[in-house]
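Coordinate analysis (summary)
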Amino acid sequence: MIFKLSSLASALLLASPVVFSQSFDGVPGNFPADFRLRYETNDTDNLTKSATALTLRSRIGYETDNYSGLKALAEIEDVRSIIDDYAPESSGYDPVADPVNTEINRAQLSYTKEALTAVVGRQRIILDNARFVGNVGWRQNEQTYDAALLQYKKDNIGLTYAYINQVNDFNFSETDISGHALNIAFDQLPVGKLVAYAYLVDIDDSDLYYDTYGVSLAGQKPLNDIKVNYLAEIATQSAYKNGDKDAIYYHIEAGATLQGVNLTLGNETLGSDDGNYGFQTPLATKHAFNGWADKFLNTPDNGLSDTYIRLSGSLDKLKALVMYHEYSSDRGSDDLGSELNVQLLYPLSKNLSSGLKYASYDAADGGSDTDKFWLWCGLSF
């Protein structure tokens, strides 16, 4: 860990009632707060009982004013269960990955001058679409990093480097790593946004490492009344897991938007090394990819090919998204099932949001059918 945080936690716990005071006159800085109440079910076709969870995530912090480019931020996060008929809180139930606990979510010092930003401490890091480095923001306890981060952004060029020495994951677990993340982005090019990256993750006290190098191109172009969107990405991974392994990743998309409705077809493939290893993304926001039933958080040894169709649009303030996935193995093209995802988002006010989401996974032979449902509201200021 970059620094000890226990004293900071105590100070923040003592300061937290200020967040709810009626007056901030004369108090420097600001007091960000975020609350999310969520109902979640997990009905998996197995020997355990269907899970029901009602949890409240509370996130309260304090950020100083800007002093010659310097800022300090401290934030505590707490997850409580109101209904706890789910593993790991109660035995014999299907899992819901929202354990109850309290932790320091962020404790960082940042410095900004013109195009340069530096952040040291426990922090949130999201690179690109979070496919390789993300905060797992869907879970009640987000994933943060003890890290040193440098960012340079000017005109259409963005450069990010992070050295990470601890991952604080959504299960309230801490993992020591030696991680390097380098991301170079060229935006507003005639063909779209071009990104090159290198993510090197060495997990301490183990024989595991993952070295990933890749490049992506994404953009959209108007074509009369239609806006065309596209994505192409490829990456290679060298890893050590019971011996040296190599695998390839690619992701392609093509779609069109007409009168606010977008239809996109795509395929994301996490390749296999001869059936002995599947391409992994250990720091990713995995829930956002390969279906919301979370059946493929760890890539099978035979790899994974996810072919999908996505339909999205809005009606007034209501935003809707529907996705359908067909899964197969990269090696051997085995049938790994299919999945339907549906999501509706609606802002109740400037600070109050709500949503519902549904995932239905239809397993192939040997798998377990799974239905999950979420209903939530969030308050942030």
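Check the entry above for the structure.
A short tour of the structure in this document, coming up. Everything numeric in this text was worked out from a predicted model, so none of it was measured.

**Considering the pattern of salt bridges**
For the structure shown, the criterion picks out 15 salt bridges. A salt bridge links Arg57 to Asp34; the shortest N-O distance between them is 2.4 Å. Here the residue Arg57 occupies a position in strand 2 (residues 51-63), and Asp34 occupies one in strand 1 (residues 33-44), the gap between them amounting to 23 residues. Under the relative-accessibility criterion, Arg57 is labelled buried at 4%. Among the salt bridges present, the one from Glu77 reaches Arg57, with a minimum N-O distance of 4.0 Å. Of the two residues, Glu77 is situated in strand 3 (residues 70-85) and Arg57 in strand 2; the sequence distance between them amounts to 20 residues. Ionic contacts of the salt-bridge type, sharing partners, join the residues Asp34, Arg57, Arg59, Glu77, Arg124 and Glu142 into one network.

**Details of the environment of Val201**
Here Val201 lies in strand 9 (residues 192-203). Taking C-alpha positions, Val201 is 6.6 Å from His180, a pair spaced 21 residues apart along the chain. Ignoring sequence-local partners within four residues, the contact set of Val201 consists of Ile177, Ser178, Gly179, Leu208, Tyr209, Tyr210, Asp211, Pro282 and Leu283.

**What about the packing of aromatic side chains?**
In this description, an aromatic ring pair is defined by two values, namely the gap between the centres and the angle between the planes. A full pass over the atoms with the stated rule returns 13 aromatic pairs. Taking 5.0 Å as the distance between ring centres and 10° as the angle between the ring planes, the aromatic pair formed by Tyr197 and Tyr199 counts as stacked. For Tyr199, a relative accessible area of 6% corresponds to the buried category. Ring pairs connect the aromatic residues Phe132, Tyr197, Tyr199, Tyr249 and Phe279, which therefore count as one cluster. Positioned above the aromatic ring of Phe289 is the side chain of Arg131, whose terminal nitrogen or guanidinium carbon lies 4.5 Å from the ring centre. Lys357 extends its terminal NZ or CZ atom over the ring of Trp292, reaching a point 4.4 Å from the ring centre.

**What to know about the pairing of strand 17 (residues 352-362)**
Relative to strand 17, strand 16 (residues 335-347) is paired through ten bridges, and the arrangement is antiparallel. Each residue of the ladder has a partner; that of Leu340, found in strand 17, is Ser360. The turn linking strand 16 back onto strand 17 is made up of four residues.

What counts, and at which threshold
- Residues numbered from 1 in each chain as written.
- Predicted model: local features only at pLDDT ≥ 70, side-chain atom pairs only at ≥ 80, totals over all residues.
- Heavy atoms only, no water.
- Salt bridge = Lys/Arg side-chain N within 4 Å of Asp/Glu carboxyl O.
- Helix = DSSP H or I, 4+ residues; strand = E, 2+ residues; numbered from the N terminus.
- Buried < 20%, exposed > 50% of the residue type's maximum accessible area, 1.4 Å probe, protein only.
- Contact = heavy atoms within 4.5 Å.
- Phe/Tyr/Trp six-rings, centres within 6.5 Å; stacked < 30°, edge-to-face > 60°.
- Lys NZ or Arg CZ within 6 Å of the ring centre and 35° of its normal.
- Pairing = 2+ DSSP bridges.

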